[in-house]
Amino acid sequence: MRYPEYRPRRLRKNEKLRGMIQETELSVRHLVYPMFVKEMTEKKVPVPSMPDVYQFSIEGLLKEIEEVVDLGIPAILLFGIPAQKDETGTGAYAEKGIVQEATRRIKKLFGEDILVITDVCMCEYTSHGHCGIIRDGYVDNDETIKRLAEIALSHIKAGADMVAPSDMMDGRVRFIRQMLDINSYYNIPIMSYAAKYASCLYNPFRDAAESAPQFGDRRSYQMDVPNQKEALREIGLDIDEGADIIMVKPALFFLDIIALAKDRFNIPIAAYSVSGEYAMIKHTSAKGYIDYKRAVVELATGIKRAGADIIITYFAKDLASWLKENSL
Ligand code: PBG
Ligand code: ZN
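Scoring rules and cut-offs
Residues numbered from 1 in each chain as written. Chains lettered and ligands numbered in written order. Predicted model: local features only at pLDDT ≥ 70, side-chain atom pairs only at ≥ 80, totals over all residues. Heavy atoms only, no water. Donors = N, O, S within 2.8 Å, 3.2 Å for Na, K, Ca; no water. Tetrahedral: all angles 85-135°; square planar, octahedral: opposite > 155°, others 65-115°. Buried < 20%, exposed > 50% of the residue type's maximum accessible area, 1.4 Å probe, protein only. Salt bridge = Lys/Arg side-chain N within 4 Å of Asp/Glu carboxyl O. Helix = DSSP H or I, 4+ residues; strand = E, 2+ residues; numbered from the N terminus. Contact = heavy atoms within 4.5 Å.

Considerations on the coordination of the zinc ion (ligand 2)
Then step 1. Listed as protein donors to the zinc ion (ligand 2) are Cys121 (SG), Cys123 (SG) and Cys131 (SG); their distances from the metal cover 2.2 to 2.3 Å.
Then step 2. Coordination at the zinc ion (ligand 2) is tetrahedral: its four donor atoms span angles of 99 to 124 degrees at the metal.
Then step 3. Each donor residue of the zinc ion (ligand 2) belongs to the same chain, and together they define the spacing C-x1-C-x7-C.
Then step 4. According to the relative accessible area criterion, Cys131 is buried, its value standing at 1%.

Put into structure tokens, the structure is as follows:
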């Protein structure tokens, strides 16, 4: 069938017709809101590179989560910034660490009303800012994954609902799964950052999380931007090791990876629309060059259309409120 018998424009004539054939729909149930909690006295401190994003004290965080819950957002992804950093990032698995304390307080106050997913990594806790233990100037894989398993366990003991390892060490999903299972936490899911690229889009996050590497970069552990097949290998490995949800990160410049993963694997896929994606839209729309709401909705829709089930985004609150008032 072709023109003139077939005319695709027939079904684009008005909003009702367009609605009837809409293929992709956003829902608040699939959103995850990343949040930063810091050991400090101020209630909240703005992050200049990320307008409307804050570092919160535990008190400030609890207040903010009230809003998140009211909006119907099901989950937060929690990052911690400790008061003290050290060479081996011991704050990351301290029983009274910032994420552990915050998680206990959130769970006490909100219970089942919010899922707490904790970031499992070392870069916020190490003085050198790398995601693991340094030996001879190199991030030592096997030493690091032991600590990552300790970190994950400490988060779950504090009441976290899910852990999300973001370090990109080899074998860490297996180590974490074993550690949780030995401790009878066999029902705790792991969302693994399976295909995480060494992207330029993380810079604003590193301001927010105070986690910039103090020497070198993360290319010896995060993936090389030009590679696609390697992402599928990474995802396959994490699934074999026991990941329950796999993540592609960033989202915007890596939609091909999301689409391929969707096609290739039968497992829920999360896409992390990262700080640089957020900053691009925030700053450009503030200048009036693009429409804020349309850009945010188009980005989220594109990620969903590519095949993501879960969208981790700093826009979650705005998206949720537009969905709530039915004004997308
Ligand atoms: C670090 C980590 C990063 C992000 C989440 N966890 C950045 C990095 O690798 O330096 C990025 C999130 C974002 O940019 O929004 N383990
Ligand atoms: Zn890290």
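Considerations on the pattern of salt bridges
Then step 1. Enumeration according to the criterion identifies 16 salt bridges in this entry.
Then step 2. The partner of Lys38 in a salt bridge is Glu210, with the nearest N and O atoms 2.7 Å apart. In this pair, Lys38 sits in strand β1 (residues 31–38) while Glu210 sits in the loop between α6 (203–209) and α7 (229–241), placing the two residues 172 residues apart along the sequence.
Then step 3. In this structure Lys38 comes out as buried when scored by relative accessible area, which is 18%.
Then step 4. In this structure, the salt-bridge partner of Glu64 is Lys317, at a minimum N-O distance of 2.6 Å. With Glu64 in helix α2 (residues 58–70) and Lys317 in helix α11 (residues 316–324), this pair connects stretches of sequence that are 253 residues apart.
Then step 5. Under the relative-accessibility criterion, Glu64 is labelled buried at 9%.
Then step 6. What makes Lys317 buried here is its relative accessible area of 16%.

Examining the environment of Leu62
Then step 1. Mapped onto the fold, Leu62 is located in helix α2.
Then step 2. Separated by eleven residues in the primary sequence, Leu62 and Ile73 place their C-alpha atoms 14 Å from one another.
Then step 3. Not counting chain neighbours up to four residues away, the residues in contact with Leu62 comprise Arg105, Ile106, Leu109 and Phe110.

Worth remembering: the numbers are spatial, not functional.
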